[in-house]
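Spelled out, the chains give:
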Amino acid sequence: GVCTPCGHLWAHYHRRILVPIAMLADVASRLEKAVETARTSGASDGVTAQLELLHQLSGLLSVVGEEQVKAVQGSIEASCLGAALLGPPPAVAQLCANVLITIYRRGARTTLYTTVGQLLSWLSNKVSPASAPAAKLATVHLLGGLCAAHGGAMVSLCLDSITLLTKLTRSAEPSVRPMAWAAFGRACTGSGGVPRAAQDEAVKNLKHALTERGSTNELRAAALAAAPMLAAYSEGLWVADLFESLTQLCTRALDDASPVVRAAAAGALADVLLASLARPAGFGAASAAGGAGGAKGAPRKLGLKMNLPGKRAEASSPIEAAANVLSAPFVKPGASKEVRAGLARATVAVFGGMKRAELERHSEFLVAQLLGMLNGAAEGQGGSKASGRGDFAAEAISHALRAGLGERLSERGQQAMATSLAAHASCRASPEGLTLVCLSQLYLLLLQLREVAADARDLLLQGERPLLSLAASPVRQLRLAACACLWALVLAFPSHLAPLLNVSLNRLRAAAAEAAAAKEGAPREAATAALLGHAQAVGTLLGAMARTPHGGPSSLANAALHAAADLVAAGGAGGAAGWMLVRALLSLPTEWLSAKPRLTRLYALLKGALASPPPEVTPKRREAVEAELHARAHALHALRAFLERMPESAALPLLKPVTSTFVPPSLALLAACREHAPRLMSEPFRAAYMLFRARLYEVLLALPSSALTAKVLNVVMPLVVADIVEPANTHGAICTALASMLAPADAVLAPATAPDAPVASLLCEPLRGATCAEAEGSCEWLGELRGG
C-alpha cells in the first residue's frame, strides 16, 4: 500500500499535472476542428463552442509545463489566427489574444515574430484574408494585445505596429477606427517609447478624430482614451509641444455635446496629467530652453500659474504645469458648466492618483491654486472681486477641495488646509464666493479634526471677520455657511458653546432693537437680514447644545426662550426669528422641555399665534392677510416640530387643544383665501398662501390618526382633494406626501413623463459639497446648503 502523505501527493500530481496535460492536446484538437467547421459552414456558427474551448485553453496553458505548451503551440497559433479571420465577437477576439500571449510567454517565442509580421501584412495589404471589416477588427485586437505583452522582445516590429495602427485610426472603414485607437494605446505600453515622428502623426490623427464632422461618440471616446498612453510613453514629453497639445485636445472635448465624450475627456485629461507628473525628467531642460530664446524644439508656454492675488508667472515645475492646465480653462470668461464640472472631476482624479507623500508636499500650493481658480472665475464672469460669484465655479471648487484634498490628506495635511481656509474666510478682503467655499469646507474639516484644528479656531473667532460677524451677513447663503461652520466649531470645541451663545443672544437683542427702529427701504432690509442672521446663529448654537458632551447652561436656554417670546410678540421679521428659536429649542433634551413652566410658555406662544380668529379676507386687506399668513406659517412650522419631537406623554394633553383650538382657525383662513383667490393672487400673496398651506398640511400629517376627528376631516378633505387635482399645485406639500403613502400596486399613478436620470450622472460621481445630516437634523435651515 501507499502511505497517506504519498497518496495525497500522487492525487495532487494526477489532478493538477497529468489531467491538464491530457486535456490540453484534446482541447487544442477540438478548437482546431471547431474553427475549421466554422470556416466552412459560416462565421456565425460555432461561436459558443470556440468561446468555451478558448476559455479552457486559457486555464490549461497556465498550469501545464513549458514543454507541453510547445508541443501544441503550432496548432493553437493556427486556430487562434483562423478564428480571428472569421471576424469573431470581441469576447472571442480577446480570448484569442490572451491565449497567444500565454503561449509566447510560456512556450517558444521564435514564431512570435512570424505571427506579428503576418498580422502586419494582413492589415497593410488591401487584398488579404483579413480584408473583411470584422476580421480586420479582430486582427487589430490581436496585434495590440501582442505588442502590449511582448513589445520589449520585438522592438522593431512593435514600432512598425504603432505606425500601422496610427494609420488605421483614419481608416476608410469607420468601424475599424475605434479599435485601432484602443490597440494603439495598448501597443504604446509595450513599446518602451514612441519615436517623435510617430507621436506627431498620432497627435495629428487624434486632433482629426476629435474635430472631424460626423465622428461618432465611440470614436472620440476611444481617441481620448489613447492620449494618456501617448503621454506616458512618448519621447521628449516636455521638450516638444506634446504636453500642451494633448491637454488642449482633452480640455476642448470637455465641452462636447455628448456626456459620454465629456466623461471620457475628463478621465483622459486626468490620466495625461498623472502620466506627465510621473515623468518629471526633462522639465528643467525644457524650461531653460524656452527661456533661452525659444530654441528649436522648445515648448511654447506651458501655461500660466494663477495664484490667489491674481499674479501670473510661467510654470517652474511639473505640478505647476499640471495646475495651469486645470486652471486656465476654468477661469476663462464664458466657461460653461460642463467644462468646469469636467475640470473638477479631472482635478479630483489627479489628486487621487498622486502618491500620498507628493500630495502632502504640494497641498498648500494646491489649496491656493484652487481658491485662485475660484477668484479668477468670478472676475472672468464680469463680476467684481467683491461679489466673488462665478457660473458653477463654487460648486466645482468645493467638490475638488472636499473629494480631492480633504478626504485624502493626513491629519497634519488637513490641519494645514483648515488653517489656510480659515485665514481666507476671516480675511476682510476675501470675496463672497471665496468665503462661502472656505466656510463650507471648514464645516466638515472641523467635524473631522475636532480639537486638533486649534489654529483654524483662533482665526475664525479672532480674525479680521469673526465667525459671528459673518453670521450676520446680508447674503443668505453666506449666513447659512457661517452657521454651519459655527455648529461644527462648537462640537469640536465644546468649551466655547456658552460664551458664544451668550454673545449671540446679546447681539440678537441689539439687532432686534435696530430692526424695530430702522427706516423703511434699504436700512430696514439690512437690519432684518442681520436680525435673521443672529437668530440663526443662536438657533444653531441651541441645536448643537444637545450634541456636546456636557450640554450648556440652562440659564442660557431659558434666556433664549424669553428672547423668542419677545420676538414673536414684536411680529414681522422678529416673529420669524422668534419661531426659529422655538424650533431650535425643541431640539433640546425632552427632560428640559417637559418642565411645566416651559410647556406652559410654549403653549401660550402657540395659542397666541394660532387660536385667534382669522382676519377678514378681502382684496382691500391683502397686505394684512399676507402678513397673517406668514405669521401663522411660522407658528405652524414650530407646532409641527413640537408634535414630532416631544414624547407622547408630553404631547398627548395638547392634542385636543391642537385639533379644537389651533387647527380650525387656520382651516377657516385657508378656505377664505381659496374663495377669494382670483382677486388676491399676486406673486407675493401666492407665495405666502402656498407656504401657509404647506405648513398646515404638515401639521395635519404629524397628528396621530386618533386626533383626526370627523369634524376636522370633513373640513380638511375637500381642500386636500381640490389641491391635488388643481394643475398649478403639483409641487404642493400634500402632493409630495401622497407619493410616499401609495401602495406598490398604485405606482401607475406616478407621472409617466418623469425624466430619466441624465447620462452624465451614470458616468461620473456627483459633485460633493459640504453637507452633514446630523447638522441638518438639529438645524433644518442648514439643509439649504445642499442647494435644494
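Residues numbered from 1 in each chain as written. Predicted model: local features only at pLDDT ≥ 70, side-chain atom pairs only at ≥ 80, totals over all residues. Heavy atoms only, no water.

Visitor: I'm lost on the overall build of the chain in this one. Help?
Guide: Of the regular secondary structure elements, the chain holds 36 helices and two strands. Across the 788 residues of the chain, 50% fall into the buried class. Contacts spanning at least 24 positions in sequence make up 76% of the contacts within the chain whose residues lie at least 6 apart. When the accessible surface of the chain is totalled, it reaches about 34,900 Å², and 58% of it is carbon and sulfur. (Helix = DSSP H or I, 4+ residues; strand = E, 2+ residues; numbered from the N terminus. Buried < 20%, exposed > 50% of the residue type's maximum accessible area, 1.4 Å probe, protein only. Contact = heavy atoms within 4.5 Å. Areas by Shrake-Rupley, 256 points an atom, 1.4 Å probe, with all protein chains shown as cover.)

Visitor: In this structure, what is going on with the confidence of the model for the chain? I would like to understand it.
Guide: Should pLDDT be low for a region, the predicted coordinates there are not to be read in detail. For the chain, the average pLDDT comes to 81, and 83% of its residues sit at 70 or higher. Counting interchain partners and residues more than four positions distant, the pLDDT-below-50 stretch residues 290–312 has 48 contacts. Across residues 382–390, where pLDDT falls below 50, the model places 22 contacts with residues more than four positions away in sequence or in other chains. (pLDDT = per-residue confidence, 0-100.)

Visitor: How do you make sense of unusual backbone geometry when you look at a structure like this?
Guide: Backbone phi values are negative for most residues with the exception of glycine, while trans is the configuration of most peptide bonds. One non-glycine residue, Arg450, lies in positive phi territory at about 55°. Structurally, Arg450 is set in the loop between helix H19 (432–449) and helix H20 (454–462).

Visitor: Looking at this model, I keep getting lost on helix H32 (residues 683–702). Mind explaining?
Guide: Turn by turn, an α-helix covers 3.6 residues, leaving residues three or four places apart pointing in a common direction. If you check H32, its first and last C-alpha atoms are 29 Å apart, about what 20 residues at 1.5 Å a residue would give, namely 28 Å. Within the sequence span of H32, burial applies to Phe685, Ala688, Tyr689, Phe692, Arg693, Ala694, Leu696, Tyr697, Glu698, Val699 and Leu700. (Expected span 1.5 Å × (residues − 1).)

Visitor: I tried to follow the pattern of salt bridges on my own but got confused; where do I start?
Guide: A side chain of one charge can pair with a side chain of the opposite charge when the charged atoms of the two come close. This structure, assessed with the given rule, holds 13 salt bridges. Two residues, Lys136 and Glu173, come together in a salt bridge whose shortest N-O distance is 3.5 Å. Of this pair, Lys136 sits in helix H6 (residues 133–150) while Glu173 sits in the loop between helix H7 (155–168) and helix H8 (176–191), placing them 37 residues apart in sequence. Residue Lys136 is classed as buried on the basis of its relative accessible area, which comes to 12%. Relative accessible area serves as the criterion here: at 21%, Glu173 is assigned to the partly exposed category. Through salt bridges with shared partners, a single ionic network connects Arg640, Glu644, Arg695 and Glu698. (Salt bridge = Lys/Arg side-chain N within 4 Å of Asp/Glu carboxyl O.)

Visitor: What should I look at first to understand the nonpolar core in this one?
Guide: One recurring pattern in soluble globular proteins: nonpolar side chains tend to sit buried together. In terms of nonpolar packing, the biggest core is built from 246 residues, with Leu405 and Leu439 touching the most fellow members. Per-element accounting of this core gives the leading share, 13 residues, to helix H22 (residues 476–492). In this view, Leu405 contacts Phe351, Leu359, Leu366, Val367, Leu370, Ala400 and Met417; residues no more than four positions away in its chain are not counted. (Core = buried A, V, L, I, M, F, W, Y, C linked by side-chain atoms within 4.5 Å.)

Visitor: What is the right way to look at a nonpolar patch on the surface in this model?
Guide: A surface patch of nonpolar side chains, amounting to about 230 Å² of accessible area, comprises Leu713, Met717 and Val721. Along the chain, Leu713 turns up in helix H33 (residues 710–725). (Patch = residues over 30% accessible without salt bridge, like charges linked within 9 Å, V, L, I, M, F, W, Y side chains within 5 Å.)

Visitor: Hey, could you run me through the state of the cysteines in this one?
Guide: In protein chemistry, a disulfide is the covalent bond that joins the sulfur atoms of two cysteines. For the structure shown, the criterion picks out zero disulfides. Residue Cys147 stays outside any disulfide, its sulfur separated by 4.3 Å from that of Cys158, the closest cysteine. (Disulfide = S-S within 2.5 Å.)

Visitor: What is the right way to look at the packing of aromatic side chains in this model?
Guide: Working definition: an aromatic ring pair is given by the centre-to-centre distance plus the angle between the planes. The final tally for this structure, using the stated rule, is three aromatic pairs. Plain terms: the ring middles of Trp181 and Phe184 are 5.9 Å apart, the flat faces sit at 85° to each other, and that makes the pair edge-to-face. Placement of both Trp181 and Phe184 in helix H8 is noted, with a separation of three residues, approximately one turn of the helix. Above the face of the Phe330 ring, Arg340 is positioned so that its terminal group lies 5.1 Å from the ring centre. The cationic tip of Arg457 hangs over the ring face of Phe493; the distance from NZ or CZ to the ring centre is 4.7 Å. (Phe/Tyr/Trp six-rings, centres within 6.5 Å; stacked < 30°, edge-to-face > 60°. Lys NZ or Arg CZ within 6 Å of the ring centre and 35° of its normal.)

Visitor: Whenever I open this one, the environment of Leu60 confuses me. Can you help?
Guide: Locating Leu60 in the fold gives a position in helix H2 (residues 47–61). Distance from Leu60 to Leu24, taken between C-alpha atoms, is 6.3 Å for residues 36 residues apart in sequence.

Visitor: Quick question: what am I supposed to make of the packing of helix H17 (residues 393–406) against H19 here?
Guide: When two helices pack together, their arrangement is captured by the angle between the axes and the distance separating the axes. Contact geometry of H17 with H19 gives a least axis separation of 9 Å together with a crossing angle of 25°. In terms of orientation, H17 and H19 fall into the roughly parallel class. The two elements H17 and H19 cross, and the hand of that crossing is right-handed. Where H17 abuts H19, its residues Ala394, Ile397, Ser398, Leu401 and Arg402 lie against Val437, Ser440, Gln441, Leu444 and Gln448. (Axes fitted to C-alpha atoms, helices over the stretch in contact; angles between N-to-C directions. Parallel < 35°, antiparallel > 145°, perpendicular 65-115°, else oblique. Left-handed = near helix turned anticlockwise from the far one by under 90°.)

Visitor: Sorry if this is basic, but what is going on with the packing of helix H9 (residues 196–211) against helix H11 (residues 242–253) here?
Guide: In the contact formed by H9 and H11, the axes pass within 11 Å of each other and the chain directions differ by 15°. Judged by the inter-axis angle, H9 sits roughly parallel to H11. Two packed elements cross with a definite hand, and for H9 against H11 that hand is left-handed. On H11, the residues that touch Gln199, Val203, Leu206, Lys207 and Leu210 of H9 are Leu242, Ser245, Leu246 and Leu249. Here the residues of the contact of H9 with H11 are counted per class, giving six nonpolar, two polar and one charged. (Nonpolar A, V, L, I, M, F, W, Y, C, P; charged D, E, K, R; others polar.)

Visitor: Would you mind showing me how to read the environment of Val715 here?
Guide: With respect to the helices and strands, Val715 occurs in helix H33. Once the C-alpha coordinates of Val715 and Leu667 are considered, the two residues, 48 residues apart in sequence, prove to be 7.5 Å apart.

Visitor: What is the right way to look at the environment of Leu326 in this model?
Guide: Mapped onto the secondary structure, Leu326 falls in helix H14 (residues 318–330). Separated by 17 residues in the primary sequence, Leu326 and Leu343 have C-alpha atoms spaced 6.2 Å apart. Contacts of Leu326, omitting those with residues within four sequence positions, involve Leu269, Leu273, Leu343, Ala346, Thr347 and Met373.

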